[in-house]
Amino acid sequence: MNDNYAKLWLDYKPRNIHQEYKRLTYFCIEGFDRSDIIICNAIKELSFGLRKMLGISLKEIDENDSTPEAYILIRKTNKISEKKSADKLSSNKEILDREEFEISIRGNNLCIEALGSVGILYGVFDFLRTIACDRNIPDTYSKGRKIRPTNPLRMLDHWDNMDGNIERGYSGKSFFYENNEIIINERTYDYARLIASVGINAVVINNVNVKAAASYMITDRYFDKLNKLGEIFAGYGIGLFISLNYASTIEIGGLDSADPLDENVRAWWKEKMAEVFRRIPSLKGFLVKADSEGRPGPFTYGRTQADGANMLADIVKEYGAIIIWRCFVYNCRQDWRDTKTDRARAGYDNFMPMDGDYHDNVILQIKNGPMDFQIREPVSPLLGGLRKTNQMLEVQIAQEYTGQQIDVCYLIPMFKEILGFKTYCGKENDTVADIISGETFGSRFSGIAAVTNTGNDFNWTGNYLAGANLFGFGRLAFENNLDAETIAEEFIRMTISDDDRVVNTIKEILLPSRAIYEKYTCPLGIGWMVTPATHYGCSVDGYEYDRWGTYHRADHLGLGVDRSDKGTGYALQYNEPNSSVYNSKKKCPDELVLFFHHLSYDHVLHSGKTVIQHIYDSHFEGFDEAKEMAAKWETLKGDVSNEIYTNVSERFKRQLLNAREWCDQVNSYFYRKSGIPDKYGRQIW
Ligand code: GCU
């Protein structure tokens, strides 16, 4: 271990209240192969955590020892039978069977049981977290705590480029690449430990926009290093995935086509994949961004997204691998004068018609909203629309549009809302959480991915408090019934301080931070209004006369996009009753009303306020509440480490400048457009 970077929640601090558990100085393993690398890592983690927190030197009971008075039993369970499926391709069920664990107290002993070694690893981290959070061990485990992860795939997507830059990265450079080379060092291992400890089981290590050197990932140039990376991750139960250049046949293969139905194209891929999986046997599959924002794809050849995805999926199937195909396909060369084309419609329009056509090792990856990770969007209608297709949800913990890890924005409350959204897809278990767990439609594969917020900054995430989104995403993906507050508390206790006042103060900052950010930025679900290209800071008309399909359509009478049946018809892509609710100005919830409707400034919302007064009030309030958050942080000086205090303080200074600009610019803009004054006469410019 070195000090080039923080250990975050794995930097276990001494804990005193569990003296009785100091008897647990022995462990024994039953049923697992002692050389299993995941078991070795689990024991290493257990020994490390217990030594740091309780001062225990853990020893394995050997044959000659008489049975100690108390020990930790690590046991392969035979409660569920391990069934090998006929083909190499696994499934949600097999993944979860291996990952499930149970911890119980038997007499003086603590027993961690699982079918797979990865279940043991998760059980160990659960036990260490219980100690680190000062939870009572008997209360937690005496009745047996059995956890089966809720989402089979729990993935982090890196947008790291091989030159070392990170697309939408707000915490330094890549720790995977430098000068087009792959870096493997101590940090690589600690990264695997960190994310495994919160239950992540898959990583995509390169940007979805696969260009330049990254196109050569599937060539001899990188195989050895990738193989090594794959092995390191596999040791922590994490599957390695690579983003693929759809046009590899052209860009590295020397062919003149990437037509998925062309025999030469297929033959090239077949040979290429044979080589790739021979050289990187631990590789689990690929992520593909096709026909999107300038990336190549099957549309060029008049083929469907399903043609493209299936071609690759059929070829990788024999290696037990999967193709994750993104649904972020839309026209990014729109004319702003054109009010018929609606970017929000594009995902559904492009992917729904082929529901049922995607092969069983294809997963469609769907961004949570129909646009692009705004602070507030409706849930994508593909979730609950698609019924015969493997699907996973994509969220973004890189805070591209949510404050760029300068502004504090704890995203778990937003993710909880998304997961809890009822899709009315006609099945009993119809929330987004049900669908992506695979339950609703009995999917072969499903899960959740986050565009990650990590980089090589000392603290991994730029702002220390942004670490709560990394930690929280993993925890929520693993146990989606956890609430945002519990997750925040775990993060704070493990990473920052165990002092109750500190814990409560930071919770008071984190929990409302998303609502506060929403208040001082774009109002009522309309989105955008950001500085073009960088996406940080206010620019109300920044995207108004642009080609990206991201408009607010404000004039002197009102604002908002009409996506009802009288407008673009987007609202009709939802199942009933969501469709009718969104379609109606009256019924549509306030927080999304400008996403779905063009309203006059004097339209009265459910809240009783007019649209314009809501804009003024929420912006003044948001700025004031941001100041309150910053003031709360100041009270922690001396109670949290200087490093953490200074880091967050400095970010808060920038957040307040940002919040003030947003508040003043948005209010002035709409005052100038509408001519309607603030009813409280506050200062507007
Ligand atoms: C956003 C982001 C891009 C990214 C894209 C994607 O538009 O700004 O940088 O490439 O999402 O999700 O592919």
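Residues numbered from 1 in each chain as written. Predicted model: local features only at pLDDT ≥ 70, side-chain atom pairs only at ≥ 80, totals over all residues. Heavy atoms only, no water.

Engineer: Is there a simple way to think about unusual backbone geometry in this case?
Structural biologist: In most cases, non-glycine residues show a negative phi, while peptide bonds are predominantly trans. Residue P577 is reached from E576 by a cis peptide bond, and omega for that bond is 5°. Structurally, the position occupied by P577 is in the loop between β17 (558–559) and α17 (578–583). With a phi angle near 65°, N180 is a residue other than glycine that sits in the positive phi range. Mapping N180 onto the fold places it in the loop between β8 (177–178) and β9 (181–182). Residue class for N180 comes out partly exposed when judged on its relative accessible area of 29%. Positive phi, close to 60°, is recorded for M529, a residue that is not glycine. As for its position among the elements, M529 is in the loop between α16 (513–520) and β17. For M529, a relative accessible area of 1% puts it in the buried group. (Helix = DSSP H or I, 4+ residues; strand = E, 2+ residues; numbered from the N terminus. Buried < 20%, exposed > 50% of the residue type's maximum accessible area, 1.4 Å probe, protein only.)

Engineer: Explain the sheet that holds strand β11 (residues 239–244) here, please?
Structural biologist: Note: strands within a sheet are paired through backbone hydrogen bonds, in either parallel or antiparallel orientation. With respect to topology, 8 strands assemble into a closed barrel ordered β7-β10-β11-β12-β13-β14-β15-β16, the strand pairing being parallel. Between one strand axis and the next, the sheet turns by 25° as a mean value, whatever way the strands run. Running over the sheet, helix α13 (residues 467–478) touches β7 (153–157), β15 (391–396) and β16 (446–451) and is turned about 160° from β7. (Pairing = 2+ DSSP bridges. Axes fitted to C-alpha atoms, helices over the stretch in contact; angles between N-to-C directions. Contact = heavy atoms within 4.5 Å.)

Engineer: Could you clarify how one ought to interpret the packing of aromatic side chains in this entry?
Structural biologist: Going through the model one piece at a time under the given rule, you end up with 34 aromatic pairs. Aromatic side chains W336 and Y545 sit 4.9 Å apart centroid to centroid with 85° between the ring planes, which places their arrangement in the edge-to-face category. Of the two residues, W336 is situated in the loop between β13 (322–326) and α10 (346–351) and Y545 in the loop between α16 and β17; the sequence distance between them amounts to 209 residues. Since its relative accessible area comes to 28%, W336 is described here as partly exposed. Of the aromatic side chains, those joined through ring pairs into one cluster are Y5, F175, F176, Y177, Y191, F233 and W460. It is K7 that lies over the ring of Y5; its NZ or CZ is 4.3 Å from the centre. (Phe/Tyr/Trp six-rings, centres within 6.5 Å; stacked < 30°, edge-to-face > 60°. Lys NZ or Arg CZ within 6 Å of the ring centre and 35° of its normal.)

Engineer: Even after reading the chapter, I still don't get the site of the ligand, so can you show me in this structure?
Structural biologist: Around the ligand lies a shell of 13 residues, among which E167, K289, R326, D372 and E400 are the nearest. Take R168: an N or O atom from its side chain is 2.9 Å from an oxygen atom of the ligand. Contact distances for the ligand include 2.9 Å between an oxygen atom and a side-chain N or O atom of N209. A per-class count over the shell around the ligand returns 3 nonpolar, 2 polar and 8 charged. (Near = heavy atom within 4 Å. Polar contact = N/O pair within 3.5 Å; in protein donor to acceptor, adjacent residues only side chain to side chain. Nonpolar A, V, L, I, M, F, W, Y, C, P; charged D, E, K, R; others polar.)

Engineer: What's the story with the sheet that holds strand β3 (residues 72–76) in this structure? I'm lost.
Structural biologist: The 6 strands are arranged β2-β1-β3-β5-β4-β6 in an open sheet whose pairing can be described as mixed. A strand with exactly one partner marks an edge of an open sheet, and here the two such strands are β2 (59–60) and β6 (145–147). Bridging between strand β1 (residues 26–30) and β2 involves 2 bridges; their strand directions are parallel. Along β2, the bridge assignment pairs Y26 with K59.

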